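Summary of the model geometry
If you want the building blocks of each chain, they are given just below.
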4 protein chains.
Amino acid sequence: MPLPSPNLYPDFNIVRLSHVESVVTDLTRSKAFYAEALGLQVTYEDGNRICLRALEERNHHCVILKKGEEPVARDLGFKVYSDSDIDKAETFFKAKGLPVAWVERPHQGQTLKTQDPFGVPLEFYHQMETLRPIHQQYRLYKGVRPLRIDHFNCFSTDVDSSVAFYNELGFRVTEYTEDEETNKLWAAWVYRKGGVHDMAFTNGRGPRLHHVTFWVPTPLAIIDLLDLMSISGYLANIERGPGRHGISNAFFLYIRDPDGHRIEIYCSDYLTVDSDLEPIKWDLKDPQRQTLWGAPAPKSWFEEGTLFEGAAVEEPKLKAQPIVAP
Amino acid sequence: MPLPSPNLYPDFNIVRLSHVESVVTDLTRSKAFYAEALGLQVTYEDGNRICLRALEERNHHCVILKKGEEPVARDLGFKVYSDSDIDKAETFFKAKGLPVAWVERPHQGQTLKTQDPFGVPLEFYHQMETLRPIHQQYRLYKGVRPLRIDHFNCFSTDVDSSVAFYNELGFRVTEYTEDEETNKLWAAWVYRKGGVHDMAFTNGRGPRLHHVTFWVPTPLAIIDLLDLMSISGYLANIERGPGRHGISNAFFLYIRDPDGHRIEIYCSDYLTVDSDLEPIKWDLKDPQRQTLWGAPAPKSWFEEGTLFEGAAVEEPKLKAQPIVAP
Amino acid sequence: MPLPSPNLYPDFNIVRLSHVESVVTDLTRSKAFYAEALGLQVTYEDGNRICLRALEERNHHCVILKKGEEPVARDLGFKVYSDSDIDKAETFFKAKGLPVAWVERPHQGQTLKTQDPFGVPLEFYHQMETLRPIHQQYRLYKGVRPLRIDHFNCFSTDVDSSVAFYNELGFRVTEYTEDEETNKLWAAWVYRKGGVHDMAFTNGRGPRLHHVTFWVPTPLAIIDLLDLMSISGYLANIERGPGRHGISNAFFLYIRDPDGHRIEIYCSDYLTVDSDLEPIKWDLKDPQRQTLWGAPAPKSWFEEGTLFEGAAVEEPKLKAQPIVAP
Amino acid sequence: MPLPSPNLYPDFNIVRLSHVESVVTDLTRSKAFYAEALGLQVTYEDGNRICLRALEERNHHCVILKKGEEPVARDLGFKVYSDSDIDKAETFFKAKGLPVAWVERPHQGQTLKTQDPFGVPLEFYHQMETLRPIHQQYRLYKGVRPLRIDHFNCFSTDVDSSVAFYNELGFRVTEYTEDEETNKLWAAWVYRKGGVHDMAFTNGRGPRLHHVTFWVPTPLAIIDLLDLMSISGYLANIERGPGRHGISNAFFLYIRDPDGHRIEIYCSDYLTVDSDLEPIKWDLKDPQRQTLWGAPAPKSWFEEGTLFEGAAVEEPKLKAQPIVAP
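Criteria and thresholds
- Residues numbered from 1 in each chain as written.
- Chains lettered and ligands numbered in written order.
- Predicted model: local features only at pLDDT ≥ 70, side-chain atom pairs only at ≥ 80, totals over all residues.
- Heavy atoms only, no water.
- Helix = DSSP H or I, 4+ residues; strand = E, 2+ residues; numbered from the N terminus.
- Rg over C-alpha atoms; globule rule 2.2 N^0.38 Å.
- Buried < 20%, exposed > 50% of the residue type's maximum accessible area, 1.4 Å probe, protein only.
- Contact = heavy atoms within 4.5 Å.
- Areas by Shrake-Rupley, 256 points an atom, 1.4 Å probe, with all protein chains shown as cover.
- Lys, Arg positive; Asp, Glu negative; His and termini not counted.
- Charge placed at Lys NZ, Arg CZ, Asp CG, Glu CD.
- Least-squares fit on C-alpha atoms with pLDDT ≥ 70 in both.
- Pairing = 2+ DSSP bridges.
- Axes fitted to C-alpha atoms, helices over the stretch in contact; angles between N-to-C directions.
- Salt bridge = Lys/Arg side-chain N within 4 Å of Asp/Glu carboxyl O.
- Domains from an automatic or database assignment.
- Buried area = accessible area lost by both parts, 1.4 Å probe.
- Core = buried A, V, L, I, M, F, W, Y, C linked by side-chain atoms within 4.5 Å.
- Nonpolar A, V, L, I, M, F, W, Y, C, P; charged D, E, K, R; others polar.

Once that is clear, we can look at the overall build of chain A. Of the regular secondary structure elements, chain A holds six helices and 18 strands. Against the compact-globule benchmark of 20 Å for 326 residues, chain A has a radius of gyration of 19 Å, which places it among compact chains. Considered along the principal axes of its C-alpha atoms, chain A spans approximately 50 × 50 × 40 Å. When the 326 residues of chain A are sorted by exposure, 65% land in the buried category. Of the contacts formed within chain A by residues at least 6 apart in sequence, a portion of 69% connects residues at least 24 apart. Here chain A has roughly 10900 Å² of accessible surface; of this, 50% comes from carbon and sulfur atoms. With 36 positive and 46 negative side-chain charges, chain A shows a spacing of 3 Å between the two charge centroids.

The two copies are related by a screw operation: chain B maps onto chain A through 180 degrees of rotation and 0.0 Å of translation along the axis, at an RMSD of 0.0 Å. Taken together, the rotation angle and the small translation identify this as a two-fold axis. Both copies contact each other with a shared surface, as 100% of the interface residues of chain B are interface residues in chain A too.

With an axial shift of 0.0 Å and an RMSD of 0.0 Å, the rotation relating chain D to chain C amounts to 180 degrees. Comparing interface residues between copies, 100% of those in chain D also lie at the interface in chain C; the contact surface is shared.

Now for the sheet that holds strand S6 (residues 101–103) of chain A. All names here are of chain A. Pairing is mixed in the open sheet, where eight strands are placed in the order S2-S3-S4-S1-S5-S8-S7-S6. Strand pairing shows two members of the sheet lacking a second neighbour, strand S2 (41–45) and S6, which therefore form its edges. Neighbour to neighbour, the strand axes of the sheet diverge by 25 degrees on average, direction disregarded. Strand direction decides the pairing type here: strand S5 (residues 73–80) and strand S8 (residues 121–125), joined by four bridges, are parallel. Across the sheet, residue Phe-78 finds its bridge partner in S8, namely Phe-124. On top of the sheet, helix H2 (residues 83–95) reaches S5, S6, strand S7 (111–115) and S8; it is set at about 25 degrees to S7, its chief contact.

We now examine the pairing of strand S8 (residues 121–125) of chain B. A regular strand places its side chains on the two faces of the sheet in alternate fashion. All names here are of chain B. Most of S8 is tucked away, with five of its five residues classed as buried. The alternating pattern of S8 places Pro-121, Glu-123 and Tyr-125 and Leu-122 and Phe-124 on opposite faces, both of which are buried. The hairpin turn running from strand S7 (residues 111–115) into S8, its antiparallel successor, is five residues long, and Gly-119 in that turn takes a positive phi close to 100 degrees.

Residues and elements named next belong to chain C. Scanning the model with the defined rule gives 96 salt bridges over all chains in all. The partner of Glu-315 in a salt bridge is Arg-205, and the shortest N-O contact between them spans 3.0 Å. One end of the pair, Glu-315, is in the segment after strand S18 (306–307); the other, Arg-205, is in the loop between strand S12 (199–203) and strand S13 (208–215), with 110 residues separating them in the sequence. For Glu-315, a relative accessible area of 49% puts it in the partly exposed group.

This part covers the domain arrangement of chain A. All names here are of chain A. Segmenting chain A into domains produces domain 1 (14–128) and domain 2 (143–307). Taking only C-alpha atoms into account, the centre of domain 1 sits 20 Å from that of domain 2. The interface is formed by 43 residues belonging to domain 1 together with 41 residues belonging to domain 2. For the domain 1 face of the interface with domain 2, the top three residues by lost area are Leu-17, Phe-33 and Phe-118, together amounting to 21%. In this structure, the connection of domain 1 to domain 2 is made through three salt bridges. Between Asp-259 and Arg-29 there is a salt bridge, and its shortest N-O distance comes to 3.4 Å. At ten residues, strand S1 (residues 14–24) tops the list of elements feeding residues into the side of domain 1 that touches domain 2.

Membership of the largest hydrophobic core comes to 392 residues, with the highest contact counts inside it found for Leu-76 of chain A, Leu-76 of chain B, Leu-76 of chain C together with Leu-76 of chain D. With residues up to four places along the chain from it excluded, the contact list for Leu-76 of chain D reads His-19, Val-20, Val-120, Pro-121, Leu-122, Glu-123, Phe-152, Cys-154, Met-199, Leu-209 and Phe-308 of chain D.

Our next topic: helix H3 (residues 159–168) of chain B. All names here are of chain B. Buried residues dominate H3, accounting for seven of its ten residues. Among all positions in H3, only Val-159, Asp-160, Ser-162, Val-163, Phe-165, Tyr-166 and Asn-167 are buried. Where the residues of H3 are buried, they touch helix H2 (83–95), S8, strand S9 (148–156), strand S10 (172–179), strand S11 (184–191) and strand S12 (199–203). A positive backbone phi angle near 100 degrees is found at Gly-170, which sits one or two residues after H3.

What follows concerns the interface of chain D and chain C. If you look at the interface, chain D gives 38 residues, while chain C gives 38 residues. Of the roughly 3200 Å² buried where chain D meets chain C, counting both sides, 49% is carbon and sulfur surface. Inspection of the region where chain D meets chain C yields four salt bridges. Among the secondary structure elements, those contributing two or more residues to the side of chain D that touches chain C are strand S1 (14–24), strand S5 (73–80), helix H2 (83–95) and strand S17 (280–283) of chain D. Among the residues making up the side of chain D that touches chain C, the classes are represented as 14 nonpolar, eleven polar and 13 charged.

This is the structure:
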């Protein structure tokens, strides 16, 4: 199945991914991880909920930690260009027969809750409470010095269909992995905000959230985090890396939060704003696809993920498997 | 004069700044500087002209060195979203009473030549010959490891008016310097592609090109370039820096090419895609505006620039002066 | 067995490790690896032999590549403080009943060839041809930007005995790994020149050379080398890392040259000149000993090594095994 | 006057520079600077005195801040190889007719107080209270991540004579600046511990302490400190840099503590343990001597320094002047 042609004029204008709400079982423990080890800034906190932002963000939060019984993910939040784009989004999702609801979200303006056809819960808004810039408050930088949320990656049972749907929303493919035998997509990276992705899809039991990613300034920030986690009781939370992705060219590290939610730390991908940028194709059997330096990802990386609240999970259609570490 | 409200729906869609043609008096000498010292990749070369691209760019060139008698700058090139945007640009500029012409440009598709109301020559196109990706050809990285062209900075005799015009084109202000006594703009940074700027305006004799900037991965690449230039006969070409700008938060270095064209090397500004991002205001008298670490820029930095071919130069309306190094 | 007390006043004064001669089967192929990929500087070359130095070294060479049939290692070279120290070395080794010989070595002054009691061939000299400094010739820096040879690591069949012998020579232990069950040393790091080591011993079939190490300025140089090797046909030559050693605190990478000789790239250990510095003890079962971040070394790293020319190999006395990657 | 031949066998064995006691007028203010901004670790504190160590040091302190009326420097501390070396030092200094005294120093063993012939107060000891290693306690790293004290630099009224005296003590010259007209030394760098220097002399009114230097891991730590100081009320404490020294090849920054004591932050010089290493000569008129990138030092850097308690200051014999920033 060939890649769909980019939809240059989508019905409404999504600016970028914005935030995620993660249910965690112990707020104190999670706060230590996100605020002390990673270095995200707490912008709101009560007994049920902690909001955090990264250092160059002015929107109120990019992560909400919500106390709960099971470590699931709630809506993936996307910021749209204007209030009218939320209305257009409602029209679009309704026309697809997908459930839509206007919901109240603290610190956010008008918010539309809906889902994609595969069960991924989505949230669209334009306005969020903005906070004063802190990117030059160098006293606040610690941990991995996270600058901004960069992207979501979701397990999809049918990456071709996921790509086709997000393509309609105006997301464009920058890189993709094809199973050479079936000519089906095994993974794809799609963007709105001008980097390699705001969203990626990985073949697997889905829908599930594979990981949420934060952008950092240099690979040295990632090395600092590894050193810090290694002597702070987080050794077992290091899952994969550091390394250079073949896909995206980013320097990366994958870690797990205290509830197992996977987080990627990421830097040095490239600018993708050109409307005629050609996607880069990778073969599923190419080990440098995952890691340019050759090291395969561990089994857990391919198998484990976070359930979306209320979403039933199915097996992927495509059975092809990448190279996995022993 | 307050900042104009952002024009969220301009008449045509400019994606980003794209390239500049610099007239140089000795091609061999300039090639040594741009290709060997800076590390840009030569993509075309004949006895009159050398085209270069940076490492993550797929468009044919971001710099054209043209042999000539006087070191002037020709058109500032901008890439638009689609072919129809070029036509809309023609309509827009014609309606303003500005000269328009369809021109032939090697390696480019349909190209509109025009100028802004202050005499800055502009060029709009959608299609340029694309080359295969080389960002993972690590053998090619040298010099300062330039990844992409980042922005132009022009002297303007009336920054308020320049900002108002580019605002109409959909450029949004991210940061600006105000003269507190007159409430007039002394400098402003405006963007299309989602960083701090594609274009900036500095108060001064104009129109002139102040500098062209390349984005690099980390401050260490800039330190490497300083070391390299220092022992390669380019010591006198180092003009200002390294330092951290207060404005934009970027780590920077200013150098001069063999003809005196000013080049900035730059990294680590921030993402600006949010349509509700508030501009940051700086006071002209604040020394940290220029350099967060306090060092003022040298006199040459405020006074010298490259003439645009055929453009008459006038004195600035605003006489206020920033802090200058002795 | 407790660590021996440091011998603060050895019979002769060894300044530092200096060089190694590696037999390689294809000089052209090896030159490409050492000079182009790693970035060592060729200081002499004929059809049989290539000499190389690192960027801050003024001695003629730290590596000699010698053409031969089998990829073995020849003498490990050490520089002594003065000519009289070579004579004292002769007396010392003779008194131990070890073979000594005065040999001719190109580019070197008077040279004593001998061996340690376990069969490791050694070479002591004071004078080597010196070359002009090139550490500020920044045009020459490429590959991993190697600054100097840092240490040798050898497999030993009896690390306690190796440490006792080198202790007599004035090498002091900085860190060591003990098998908690037998209280015997599993590995040890001993130094002369003021870093964590000039020589290390690892329990295993020996004597064999485990690796030779080059010091580089920052972890980013190692990341650059990984990127370069990955796209230059050296993907399979990457063996282990990058990572942070628990022992020595160094940031490291292990690679194999085209003949399988193991090379470590290394930075950021610490100063050890204090005569009262206490050695740091590690437990063989502690996974952070090898890699602070937890990743175990691969099996090849524990098993494979380079034979010393003419030295018979025996099994280690200690059978305890560290954690090995699956 | 030619450089003296190195004294390879001095009367006693100095291992390295070790510590300095700085008199400060406000302990709280100084603690904020040294412990919070620079990131040195407090190891002792009372109402009169604060001891600090850098991250890889195990000796109790490298800086003592002593409350007092005038911001002077007390003894420059040097660690010797063994207790018997202190006795030999006493003999040596007595024979020179210099005052010697056995003094009590908290946290130190037997300590000899004396001075050099030019009035610089010196202190020799072998034993200091040692603390457990903290170099892998990555939670403690902040500010500029200081790893160890690196060297002292003193104004000397007669650099030739200073060099001759320290040469007798076994310090060897690594680099030096000569006034080409008089053939006299303008500055010299002399070492014991295997880097470019433990001590340096700069022509000027003396004796005075020019600066104390801390070693850091990479230039990025220095950039981080500049960012931090710039927004923490320490903007005026930045005096010179960042830059690359021609001499020593180190990346540097000069700052002033709240009392004006000058501190250098420094990384990336080179190993100097070879007993036959040739000194590198620089011409006083060479601007790259000071800063490889060409920027001259400010006037304050050449003129201001810290008085040694009780030492009378004289004018330098040599009147030649280097290039100074306007």
